[in-house]
Amino acid sequence: MNLAERPVLVFWETTRACHLSCIHCRASAVTDPLPGELTTREGFRLIDSVTAFGEPYPTLIVTGGDPLRRGDVFPLLEHAREAGVRTALSPAVTDLLTDDALRMAKEAGVSSISISLDGSHAGMHDKIRRRPGTFAKTVAAIRRAGELGLNVQVNTAVMKLNMMDMAEIFRVVRELGVKVWEVFFVVRVGRGAGVRDLSAGDCESVCNFLYDASRYGVLLRTVEAPFIRRVARLRAEDYWQDESYLRLRESLLRSQGPPSAPSSLAPRGTLDGDGIVFVGYDGSVYPGGLLPLEVGNVRKERIADVYRRNETLNRIRERRFLGYCGSCDYRWACGGSRARAYSGSGDPFGSDPACIEVARPARV
C-alpha cells in the first residue's frame, strides 16, 4: 500500500463522553457528550468519504471516549459495512459493554474489538482506570467477546506505574487466548500529562522485553514507540543488559518458558500522519490521536484530500525532521514518535526524547 495515497487506519473519535476517567486518557474524556459532535448524517458522510481513498479502503477504528455512549453507533457501523469499509470497535469497559452490545457489534460486521488491560490484577488495572471492579469486568468482556467469535485485541498503556507488570500482563493476555496485543507508550497529553513518564532507558528496556514477548505466537504492535523496529534489528546482534529489562525477561521466561516462534514485530510500520490519520469528535483532523495539531476538518473537506495534500502530513511522510531523528539511519523504519516530539518541544518535526539514541548526551 502506498501510504502517501491512503492510510492503513482512519481513527474516528465518535465522542469524548465516557463513564471512566482513566489517569492517562488522551482525550481527557468527560461524563457527558461535548457540543459539536458529528451528527449521524455527518458520520455517514465521513464513512462514505473513506471510500474516496480507493481500494483497499483503510480500516475505520471507531473509538472515543466510549463509542457506546453514542446512541447511533450500531447504525454507523452497519453503514460502514454496507459501504464496504472495514471497521474495528474500541469501547470502554463499563456497564454499557453488555452481551447484547457485543452481539450487535458482531452483527454490524466489526472486524475486531479492542479492549484495554493495563494491569495483571485489579489493584493495578483499577488504579489506572479509576473505577473499582473494572479489572474483573475487563477479563469477563475479553472472554465473552472471544466466545461470540469476535477477534479480540488487547490494548495496554505502559507507563512508569505499570512498567514492571508488563510480563504478568502478557501472561494474562495469553491465558485469555488473545492473539493481538497492542502496547501504547503514554505521551503526556490530556490527563496523561500528569502521569509519570518512562525514561528513554525505560523505553529501551520495555521494547527489548516486547521483542521477547513477540516470539510466543502473539501478534504484537506498539503505538508511539516506532523505535522498537530499531531494537528488533539490533537484537540480532546483542541483548540490552539493563536491570529492568533483565527482570522483565526473567519474569517472562518463568511464566511462559522459552520462546518458540519468530518475532511477530513488523520491520516497518505506521507513524502519525504516515499510514494513520485521526478524526476528532467535532470533525477536526489530526495526524494521530496523541498529536493535537489540527490539519483540517471533515466538515469542510474530504478526509482523503486532507491526508494527501496537507504539508505537515507530507513532511512527516518524507521524514523531513530536525535533530537526530532527521539523520538517523533508522528514520524510514522508525521516524520517532511525532506526538512525543510535539509534547516535549512543541515541534512535531523534532526528535523523539524517548529514544535512547536521541537521549545520549552528545545527541540532545
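Here, the structure is the one placed above.
The rules we used
- Residues numbered from 1 in each chain as written.
- Predicted model: local features only at pLDDT ≥ 70, side-chain atom pairs only at ≥ 80, totals over all residues.
- Heavy atoms only, no water.
- Helix = DSSP H or I, 4+ residues; strand = E, 2+ residues; numbered from the N terminus.
- Rg over C-alpha atoms; globule rule 2.2 N^0.38 Å.
- Buried < 20%, exposed > 50% of the residue type's maximum accessible area, 1.4 Å probe, protein only.
- Contact = heavy atoms within 4.5 Å.
- Areas by Shrake-Rupley, 256 points an atom, 1.4 Å probe, with all protein chains shown as cover.
- Lys, Arg positive; Asp, Glu negative; His and termini not counted.
- Charge placed at Lys NZ, Arg CZ, Asp CG, Glu CD.
- Arc of directions from axis to C-beta.
- 1 Å grid on protein atoms, 1.4 Å probe; cavity = no way out; pocket = protein on both sides within 12 Å on 5 of 7 lines; lining within 4 Å.
- Points joined across faces, edges and corners; volume = space filled by probe spheres on them.
- Nonpolar A, V, L, I, M, F, W, Y, C, P; charged D, E, K, R; others polar.
- Phe/Tyr/Trp six-rings, centres within 6.5 Å; stacked < 30°, edge-to-face > 60°.
- Lys NZ or Arg CZ within 6 Å of the ring centre and 35° of its normal.
- Pairing = 2+ DSSP bridges.

I tried to follow the overall build of the protein on my own but got confused; where do I start?
Secondary structure assignment for the protein yields 14 helices and 11 strands. Its C-alpha radius of gyration of 19 Å places the protein within 12% of the 21 Å reference for a compact globule of 364 residues. Considered along the principal axes of its C-alpha atoms, the protein spans approximately 55 × 45 × 35 Å. Taking all 364 residues of the protein together, 56% fall into the buried category. The long-range fraction of contacts in the protein, counting pairs at least 24 apart against all pairs at least 6 apart in sequence, stands at 73%. Accessible surface computed for the protein: about 15,000 Å², of which carbon and sulfur atoms make up 49%. When the 49 basic and 44 acidic side-chain charges of the protein are each reduced to a single mean position, those positions are 1 Å apart.

What should I look at first to understand the environment of Gly-36 in this one?
Mapped onto the secondary structure, Gly-36 falls in the loop between β1 (9-13) and α1 (40-50). By relative accessible area, Gly-36 is classed as partly exposed at 37%. The spacing of Gly-36 and Asn-2 is 34 residues in sequence and 33 Å in space, taken between C-alpha atoms.

Explain helix α3 (residues 99-107) here, please?
Every α-helical turn comprises 3.6 residues, leaving residues that sit three or four positions apart pointing alike. Residues of α3 that are buried include every one of Ala-101, Leu-102 and Ala-105, and no others. Seen from one end, α3 has its buried residues packed into an arc of 100°, which puts them on one side. Buried positions along α3 lie against α2 (73-83), β3 (87-89), β4 (112-116) and α5 (134-147). Positive backbone phi, approximately 90°, marks Gly-109, located one or two places after α3.

Before we go on, may I ask you to explain empty space enclosed by the protein in this structure?
Which parts of space are left empty comes out when a probe the size of a water molecule is rolled across the atoms. What the rule picks out here adds up to 1 cavity of 30 Å³ or more. The calculated volume of the largest cavity comes to roughly 100 Å³. When the residues that make up the lining of the largest cavity are grouped by side-chain class, the tally is 8 nonpolar, 2 polar and 2 charged.

Help me understand the packing of aromatic side chains, please; the structure alone is not making it clear to me.
To describe a pair of aromatic rings, one takes the distance between the centres and the angle between the planes. Summed over the entire model, instances satisfying the criterion amount to 6 aromatic pairs. Judged by centre distance (6.2 Å) and plane angle (85°), the ring pair of Phe-185 and Phe-227 falls under edge-to-face. Of this pair, Phe-185 sits in strand β6 (residues 180-185) while Phe-227 sits in the loop between β7 (219-223) and α8 (228-234), placing them 42 residues apart in sequence. In terms of burial, Phe-185 and Phe-227 fall into one category: buried. Considering the side-chain rings of Phe-278 and Tyr-286, the 6.4 Å spacing of their centres and the 55° angle between planes classify their relative orientation as tilted. Through pairs of rings, three or more aromatic residues link up here, namely Phe-11, Phe-278 and Tyr-286. Over the aromatic face of Phe-349 sits the side chain of Arg-315, whose NZ or CZ is 3.8 Å from the ring centroid.

I'm lost on the environment of Leu-219 in this one. Help?
Residue placement: Leu-219 occurs in strand β7. With a relative accessible area of 34%, Leu-219 lands in the partly exposed category. With 66 residues separating them along the chain, Leu-219 and Gln-153 place their C-alpha atoms 9.4 Å apart. Every residue in contact with Leu-219, bar those within four places of it in the chain, is listed here: Lys-179, Val-180, Trp-181 and Ser-264.

In this structure, what is going on with the pairing of strand β2 (residues 59-63)? I would like to understand it.
Here is the key point about a regular strand: its side chains alternate between the two faces of the sheet. With 5 of 5 residues buried, β2 is to be regarded as a mostly interior element. A two-sided burial pattern is seen for β2, the buried positions comprising Thr-59, Ile-61 and Thr-63 on one face and Leu-60 and Val-62 on the other. Inspection of the sheet shows β1 paired to β2 by 5 bridges, in the parallel sense. Paired with Trp-12 across the strands is Val-62, a residue of β2.

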